[in-house]
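A closer look at the structure
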Amino acid sequence: MEKTVKIKYINKNTLQVNEIEIDLEQNIQQINLKKTLKQFNIFPYNGKSKYLNCKGIGSCGTCAVSVLDFDGNKIYSSKDEYIGDLTKMEKIRLNFFPHTLDNSFEKSLRLSCQYKIKTDLMIIKNNGFWGNE
Ligand code: FES
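For the structure given in this document, a descriptive report is provided here. Keep in mind it's a predicted model, so treat the numbers as computed, not measured.

**So, the sheet that holds strand 5 (residues 109-111)**
One open sheet accounts for five strands, arranged 2-1-7-4-5; its pairing is mixed. One side of each edge strand has no neighbouring strand; the edge strands of this open sheet are strand 2 (17-23) and strand 5. The mean angle between the axes of side-by-side strands here comes to 35°, regardless of whether they run parallel or antiparallel. Note: strand 4 (residues 64-68) against strand 5, three bridges, orientation antiparallel. Note on strand 5: the bridge partner recorded for Ala 64 is Leu 111.

Structure follows, in structure tokens:
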């Protein structure tokens with residue numbers, strides 16, 4: 001089964017905009033967002049967090065990005081729905097300083113090192129060291 005998905009990546013800090021297409025065929029329907037972006041030379045970090053991060057363990061929180069549908073609409077209609085979709089590491093890190101669960105939900109933040117791509121998406125890198133502003 002061939003499945004190609006499109007990702008529009010927007011960095012609010014640098015105004016960088018990229019559109020990429022990836023083939024999920026080889027990847028059992030879902031692949032890691034951060035690793036996929038890296039393949040296209042896109043790094044979901046601001047400033048020094050590109051070097052000062054946990055390398056994908058899910059503990060630093062600097063790779064946070066807004067995950068929206070391809071048209072820029074929110075995926076989650078309620079906080080419960082949002083929390084229900086977070087990984088165990090995201091539940092901890094997106095509710096720990098400087099992240100708060102309210103802000104994380106408001107901005108639809110996910111940790112790109114934990115998020116698995118399943119469908120077309122718009123990814124927004126927000127401002128700030130942790131990408132939460
Ligand atoms: S790289 Fe540290 S939480 Fe994703």
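This is not the end of the story, as more comes after the structure.
**Thoughts on the environment of Arg 110**
One can find Arg 110 in strand 5. Given 25 C-beta atoms within 10 Å, Arg 110 falls into the buried group. When the C-alpha positions of Arg 110 and Gly 84 are compared, they lie 12 Å apart, and in sequence the two are 26 residues distant. Leaving out residues up to four positions away in the same chain, Arg 110 has contacts with Val 65, Val 67, Glu 90 and Tyr 115.

Thresholds applied
- Residues numbered from 1 in each chain as written.
- Predicted model: local features only at pLDDT ≥ 70, side-chain atom pairs only at ≥ 80, totals over all residues.
- Pairing = 2+ DSSP bridges.
- Helix = DSSP H or I, 4+ residues; strand = E, 2+ residues; numbered from the N terminus.
- Axes fitted to C-alpha atoms, helices over the stretch in contact; angles between N-to-C directions.
- Buried ≥ 20, exposed ≤ 12 C-beta atoms within 10 Å, placed from the backbone.
- Contact = placed C-beta atoms within 7 Å.

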